[in-house]
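This is what each chain is made of:
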Amino acid sequence: MRRRDLLGHVAAAAVLPLAGVARAQEPPAGAAVGAPELYDPFRVGRPRDRITDYENDPFIVGLESRMRCTCGCNLDVYTCRTTDFTCATSPAMHREVVQMVESGKTAQEVIDAFVARHGEMVLMAPKKEGFNLLGYFLPGAAIASVGAWLIWALTKRRTRVVTAEASDGVDVSGLVPEERAKLEAELSNLEL
Amino acid sequence: MTTLGQLGLWLALLIGAWGTFVGFYGGITGRAELIASARRATYALCGVLVVASIGLLVALLKHDFNVAYVAGYTSRDLPTVYILSAFYGGQAGSLLFWAVVLSIFGALAQWLTSRRYDHLLPHVAGVTSAVVLFFVIVTLFAANPFERLPFTPADGSGLNPQLQNPGMVIHPPMLYLGYISITIPFAFGVAALVSRRLDTGWLHAIRKWTIVSWLFLSIGITLGRWWAYVELGWGGYWAWDPVENASFLPWLTMTAFLHSVMIQEKRGMLKKWNMVLISLSFLLSIFGTFITRSGIISSVHSFAQSQVGYYFLGFLIFIILAMAALLWLRLPMLESEAHLESMVSREASFLFNNLILVGIAFSVFWGTMFPIISEIVRGTQVTVGPPFFNQVNIPLGILLLALTGIGPLIAWRKASVRNLQRQFAVPVASGGIAAAILTALGMGNFYAIATVSLGAFVTGTILQEFVRGVGARHRLHGEGYAQALARLVGRNRRRYGGYVVHLGIVIYFLAFTGQAFTVDLEASLNPGEVAEMRSPWGHTYAFTHIGVSQYDELNRLVSAASVEVARDGERVGIMKSEKRQHFTCSAPIEPCPRQMRQRSFEPSTEAGIRSDLREDVYIVFAGVVEGTEEAVYRFTLNPMVWWVWFGGFVLVVGGVVTLWPGTTIRTVGQDDTQGGYAAQLVEAKRA
């Protein structure tokens, strides 16, 4: 047996005897705490429900990832119910989602039902319609517009500058085609 | 000591007002005695605020629970390091922290700045004193950390358990240092505008300050990510929370400024833009503080809602109006000295890099504020969460990544076709090969393919620059490769440090891509039961629930669950995740007897994390099923997370290289007109 295996078994042996049966009642708020009970589910947090297939169902997880928990935690329902274990709102919302899915509702119907009850705020991102389109497309439109303006303004200015420079520079109009081609070839090779 | 602290604040109020007045008046009139007085005022301001801070620290360390702030954020059993971090852990203390650090930076700016910029320093003193004055006013009249209670509680409420983490000891100060230090470049910008000295002098004076600010912000954001990852228990490190966004905004504009400033230094262009950028960065640093403190937007990171938001709003409006007026007045003096000669030039590439950076900043700002805008316009509250930000920002980020590679390779002024061919052949081939491999491997995620192939492209550009530079030194000077590398970087730290920073950014992007492949599994397991899941890398993990233990620590009750982890049948080790319930003691007794413990704060989670180069195993213990030994877990396999921290490290190393003394300033000349070290050698060879 390798050393790390041995250590693992020793650690496991140390932890396993601590196993016991949960038996406790939730203490009243602000009451003294710390009764020495093993596996007291109220000691830290609250008791949990057994995990079923619904908790990991990609369809349900996907739906819950699109909806915000209404407890004020700023998390989506899935993240909240699997992270903020003091929150009772997201598990309740999860149960509702499961019930709706079990009753045959489509994803959109489930979402619509929650929006009807809680308002648009229950969605993790606004619907892509009406005024919200401004939210989605303004940044891209602003960047595209400024970019286009930049290209236009700089190209225009450059043309002006080049024209002005050309008018003050050497007159190349008298060059024969061979000379002009040679000049252009040299200019294209010139590393500026 | 708290009386002394209070006195220090009142003195700071007077000195700050005096420093603001004499700074600007002395700078405008040029009266030597006023200028000297302004300088002395910044030192005095620093001195009295340090005394005030010592007053608060002593109160914290001596458990003076009669002081409301001490009672609100500490307790007797809080470890000393967290007692010290409580100094900036609460609203009032963090405002004092802002004031004292800015006063120190203000004094350092006066002390360290070269005498060449003496004409700017009185105005700099005026600006820093004014900003410190604002924070002192808020501290004195809206959130005073020295306020006393009518009674003395036996113990304090303690520090929020989620803040009791080593990351939180250094993350907030780093972020604050980033926010606060932006004031110095901003002050120099204002000084240049007021004094009409709008040459590149002010840019040279602030170069180090700018990088320092950017570096602190980068470190602060990275540590914030780390804290969120290890402490919040949701398995991610960035949630586009308003407060996270608030820290990201000035980082983006400062990054844009660091690039565009090079164009002004080299070509005398973008003068107006640079003034706008530095003002915007300062405004966004104040905006971030406003967001965190006003309660205007709900966030898990916010301080309690209070009146300070109004102060910040007023200050923001004042700064916007003042800067708009100042820029308007000086507009004729901010004309470019040169014009863009080609759209295929480094200037143009930096310009578009700026456009994207500021565009991302705008989209983040817009998304953060959109719930408020929607409520005002439509009367409807909406949520703008990660789906929105990801949808808008991922394409922009990919575009930015491409520009990260393109910019440094294109020549200044105008790139020739030959230059483009020579510079881009290898990097484009690297990107193309990466894309081909990923497609052949069956990867179907477009963004992932784009990010990885662009990452390969940018890495190709960086390596090419280093290889060519080292090779050239080796050939021309006969130096060994290691020596050539050291000298290459040493001779142009800014440039090669910048490349290292770019490498850090590439690593970041690759690591962020990993988030698209995260897998989760919830399971309730009895001792001995196993949950299995498959990782994106194709490994099969088996998690065997060992058991739950419950015990007491210094200031908390703990429930801990242990899991044996195996990968592809090979035992990896035992991982533990905890749930903690912190308590305070109703009597000043140590250790606190059980009957005197009062629950404080909500229970918190300590995730079990095992990290390697490919993926993190992230285990969260949710609790036990009542009446059983069954533990409820969430198992998450997070690809590439280690690279987020490594990317942050590389970024910081690059920043430090850039910051290291010895960087020379050069204006554009023949040697600078061609992109890349090799191109300079071509010119040298011709000469």
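Residues numbered from 1 in each chain as written. Chains lettered and ligands numbered in written order. Predicted model: local features only at pLDDT ≥ 70, side-chain atom pairs only at ≥ 80, totals over all residues.

## Here we look at the overall build of chain B
Looking only at helices and strands, one finds 20 helices and 10 strands in chain B. Against the compact-globule benchmark of 26 Å for 687 residues, chain B has a radius of gyration of 27 Å, which places it among compact chains. Summarising its shape, the C-alpha atoms of chain B cover approximately 85 × 70 × 60 Å along the three principal directions. Here the analysis covers contacts within chain B between residues at least 6 apart in sequence; of these, 74% occur between residues at least 24 apart. (Helix = DSSP H or I, 4+ residues; strand = E, 2+ residues; numbered from the N terminus. Rg over C-alpha atoms; globule rule 2.2 N^0.38 Å. Contact = placed C-beta atoms within 7 Å.)

## Details of the environment of Phe59 of chain A
Mapped onto the elements of the fold, Phe59 of chain A is located in helix α3 (residues 58-65). Put simply, Phe59 of chain A and Met93 of chain A are 34 residues apart on the chain and 15 Å apart in space, counted from C-alpha to C-alpha.

## Structural notes on the environment of Lys272 of chain B
Examined against the element boundaries, Lys272 of chain B turns out to sit in helix α11 (residues 271-294). A tally of 17 C-beta atoms within 10 Å means that Lys272 of chain B is categorised as partly exposed. (Buried ≥ 20, exposed ≤ 12 C-beta atoms within 10 Å, placed from the backbone.)

## A look at the pairing of strand β3 (residues 540-553) of chain B
Residue and element names in this part refer to chain B. Bridge count for strand β2 (residues 530-534) against β3 is 5 bridges, and the pairing is antiparallel. Within the sheet, the bridge partner assigned to Val530 lies in β3 and is Thr544. Between β2 and β3, which follow one another and run antiparallel, lie 5 residues, and Gly538 among them has a positive phi close to 95°. Hairpin connection between β3 and strand β4 (residues 556-567): a loop of 2 residues separates the two successive antiparallel strands. (Pairing = 2+ DSSP bridges.)

## Let's talk about the sheet that holds strand β9 (residues 615-624) of chain B
Residue and element names in this part refer to chain B. If you trace the 4 strands from one edge of the open sheet to the other, you get β1-β10-β9-β8, paired in antiparallel fashion. Two strands bound the open sheet, and with one partner strand each, they are β1 (519-525) and β8 (608-611). Pairs of neighbouring strands in the sheet enclose a mean axial angle of 15°, with direction left out of account. Note: β8 against β9, 4 bridges, orientation antiparallel. The residue bridging Arg610 from the neighbouring strand is Val617, located in β9. (Axes fitted to C-alpha atoms, helices over the stretch in contact; angles between N-to-C directions.)

## What about the nonpolar core?
Within the largest apolar cluster, 208 residues are counted, with the highest numbers of intra-cluster contacts made by Ala99, Phe135, Phe188 and Ala191 of chain B. At 18 residues, the largest contribution of residues to this core is made by helix α9 (residues 201-231) of chain B. Not counting the four nearest positions on each side in its chain, Ala191 of chain B is found in contact with Leu120, His123, Val124, Val127 and Trp202 of chain B. Counting residues in each nonpolar core, the second largest holds 28 residues, with Phe85 of chain A together with Tyr541, Ala561 and Val563 of chain B among its members. (Core = buried A, V, L, I, M, F, W, Y, C linked by C-beta atoms within 7 Å.)

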